[in-house]
Every structure is written in C-alpha cells, then in structure tokens.
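Each chain, written out:
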Amino acid sequence: MTTIVRATLSDIELLTQIGKTSFLEAHGRSASEENINEYVGKNFTNKAFEEALKDTNNIFYIIYFNEKAVGYSKIIFNCQHPNIPIKNITKLERLYLLEEFHSLKLGLELFNYNLNESVKHKQSGIWLFVWTENHKAINFYKKAGFKIVGQHDFQITATHSNPNHQMLLTF
C-alpha cells in the first residue's frame, strides 16, 4: 500500500537520508568520489533541507510503501526558464526513489501525483533536468511524454559539471 504526503520540517532527517542514498545510487559514479562527496556533503544535509522546506515555493512530497518512506519529489510551481517560453509551468526538481523499490512502479505513482498537483494548480506543463547518462530516467520521462528541449551543465563542484538534458512535458 502506498501513501503520498506533503513533507514538513519534521521530515528533514528522512529527506536527508533518502536524498543522499538515492542520489548516490543514481549519480555516485558520475564524477570522482571526491566531487560526489563534496556535492552530497553540501546538498544533502539537514540544514540544506531545512532551508529548502522553509522556502514556500518548494513543495516536497514523500511516498511511503507499506508505511516506509521510500522516495520523495520536489516541485516548484510557476517556475519559468529562459529556454521554455511558457508561463504557469512547474519545475520537477527532484524525483528520487530508493533503488530497491524501482521495480514496483512507485516512481510512476509519485510522478503522476506531481502531475495531478500541477494540473490542479493550473500549470501548462512540467520541465526538468536529467543527467544524460541516466538512461533509465530519460526513458521513464520519454514514456511519460517528455521531449528533450535543451541542454544544461549540472554543477557538481566548482571544477566539475555533468551534462544534462532539459526535458519538457506540456499539458
């Protein structure tokens, strides 16, 4: 059984652990160990999540499977990008699921939840960045109807970035 709930400040530790683990599972070999550790040490901390949750533009949802938190998403409504000349558009900043739960289609369930929330908030579509080597994620988004519309260098550290596709789904 799955449940999806909006995250609050009381979920900081949970988001930190899921974020760190799922990022390392998906991107741990995308740069040197030193660069990855620097990125994780900066972006997957309780302080980083506290700041993100205090920003009212950021909306986090946690997905539970059999009462265990197994993933989360982060969306931002009305988040335009110069590459995408559409107003009222959602940025899907994170869709993280622990690897051991990938086969259960929980990522799709969490994605669809975010999609429905975007529609409820009168958004015109969703855009995101995805690492060009994350073929599983790219295929997932293409199946959902996303198209590649641009490129982006995702900054891991001051000296290392990874190439990303910018993808767009319009409603």
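Residues numbered from 1 in each chain as written. Predicted model: local features only at pLDDT ≥ 70, side-chain atom pairs only at ≥ 80, totals over all residues. Heavy atoms only, no water.

## Some remarks on the layout of surface pockets
For step 1, the next point in the chain: Taken as a whole, the largest pocket holds about 1,300 Å³ of empty space.
For step 2, the next point in the chain: For the largest pocket, the lining is made up of 39 residues, of which Leu95, Val130, Asn134, Ala137 and Tyr141 are closest to its centre.
For step 3, the next point in the chain: Those elements that provide at least two residues to the lining of the largest pocket are helix 1 (12–27), helix 2 (33–43), strand 4 (89–97), helix 4 (106–120), strand 5 (125–131), helix 5 (135–143), strand 6 (147–157) and strand 7 (160–170).
For step 4, the next point in the chain: Top element by residues in the lining of the largest pocket is strand 4. It accounts for seven residues.
For step 5, the next point in the chain: For the lining of the largest pocket, the per-class residue count stands at 17 nonpolar, 13 polar and nine charged. (1 Å grid on protein atoms, 1.4 Å probe; cavity = no way out; pocket = protein on both sides within 12 Å on 5 of 7 lines; lining within 4 Å. Points joined across faces, edges and corners; volume = space filled by probe spheres on them. Helix = DSSP H or I, 4+ residues; strand = E, 2+ residues; numbered from the N terminus. Nonpolar A, V, L, I, M, F, W, Y, C, P; charged D, E, K, R; others polar.)

## Some words on the side chain of Thr157
For step 1, the next point in the chain: Here Thr157 is to be found in strand 6.
For step 2, the next point in the chain: A relative accessible area of 5% places Thr157 in the buried class.
For step 3, the next point in the chain: When sequence neighbours within four positions are dropped, the list of residues in contact with Thr157 reads Asn35 and Glu38. (Buried < 20%, exposed > 50% of the residue type's maximum accessible area, 1.4 Å probe, protein only. Contact = heavy atoms within 4.5 Å.)

## Let's talk about unusual backbone geometry
For step 1, the next point in the chain: The backbone of Asn78 shows a phi angle near 55°, a positive value even though the residue is not glycine.
For step 2, the next point in the chain: On the secondary structure map, Asn78 appears in the loop between strand 3 (68–76) and strand 4.
For step 3, the next point in the chain: You can call Asn78 partly exposed: its relative accessible area is 48%.

## Some remarks on the nonpolar core
For step 1, the next point in the chain: In this structure, Tyr72 and Tyr141 are the most contacted members of the largest nonpolar core, which totals 45 residues.
For step 2, the next point in the chain: When residues in this core are grouped by element, the largest group, six residues, is from strand 2 (residues 58–65).
For step 3, the next point in the chain: In contact with Tyr141, not counting residues within four places along its chain, are Leu92, Leu95, Leu128, Val130, Phe146 and Met167.
For step 4, the next point in the chain: Residues Ile76, Ile84, Ile89 and Trp127 belong to the second largest nonpolar core, which totals six residues. (Core = buried A, V, L, I, M, F, W, Y, C linked by side-chain atoms within 4.5 Å.)

## A look at the environment of Ser103
For step 1, the next point in the chain: Its location among the elements puts Ser103 in the loop between strand 4 and helix 4.
For step 2, the next point in the chain: Separated by 97 residues in the primary sequence, Ser103 and Arg6 place their C-alpha atoms 23 Å from one another.

## Describing the packing of aromatic side chains
To describe a pair of aromatic rings, one takes the distance between the centres and the angle between the planes.
For step 1, the next point in the chain: Under the criterion given, the structure shown has 18 aromatic pairs.
For step 2, the next point in the chain: Taken together, Phe23, Tyr39, Phe44, Phe49, Phe60, Tyr72, Tyr96 and Phe154 form an aromatic cluster joined through their ring pairs. (Phe/Tyr/Trp six-rings, centres within 6.5 Å; stacked < 30°, edge-to-face > 60°.)

## Section: the packing of helix 1 against helix 2
For step 1, the next point in the chain: It is the contact of helix 1 with helix 2, at a shortest axis distance of 11 Å, that shows an interaxial angle of 155°. Our classification of the angle between helix 1 and helix 2 gives roughly antiparallel. For the crossing formed where helix 1 meets helix 2, the hand is right-handed. Contacts between helix 1 and helix 2 pair Lys20, Phe23, Leu24 and His27 from the former with Ile36, Tyr39 and Val40 from the latter.
For step 2, the next point in the chain: Residues that form the contact of helix 1 with helix 2 fall into these classes: five nonpolar, one polar and one charged. (Axes fitted to C-alpha atoms, helices over the stretch in contact; angles between N-to-C directions. Parallel < 35°, antiparallel > 145°, perpendicular 65-115°, else oblique. Left-handed = near helix turned anticlockwise from the far one by under 90°.)

## Examining helix 5
An α-helix turns once every 3.6 residues. As a result, residues three or four positions apart point the same way.
For step 1, the next point in the chain: Those residues of helix 5 that fall on the buried side of the exposure criterion are Ala137, Ile138 and Tyr141. Around the axis of helix 5, the buried residues are gathered within 100° of arc, so they sit on the same side. Looking at helix 5, the residues exposed on the side facing more than 90 degrees away from the buried face are Lys136 and Lys143.
For step 2, the next point in the chain: Packing partners of the buried residues in helix 5 comprise strand 4, strand 5 and strand 7.
For step 3, the next point in the chain: After helix 5 finishes, the residue Gly145 shows a positive phi value of roughly 105°. (Arc of directions from axis to C-beta.)

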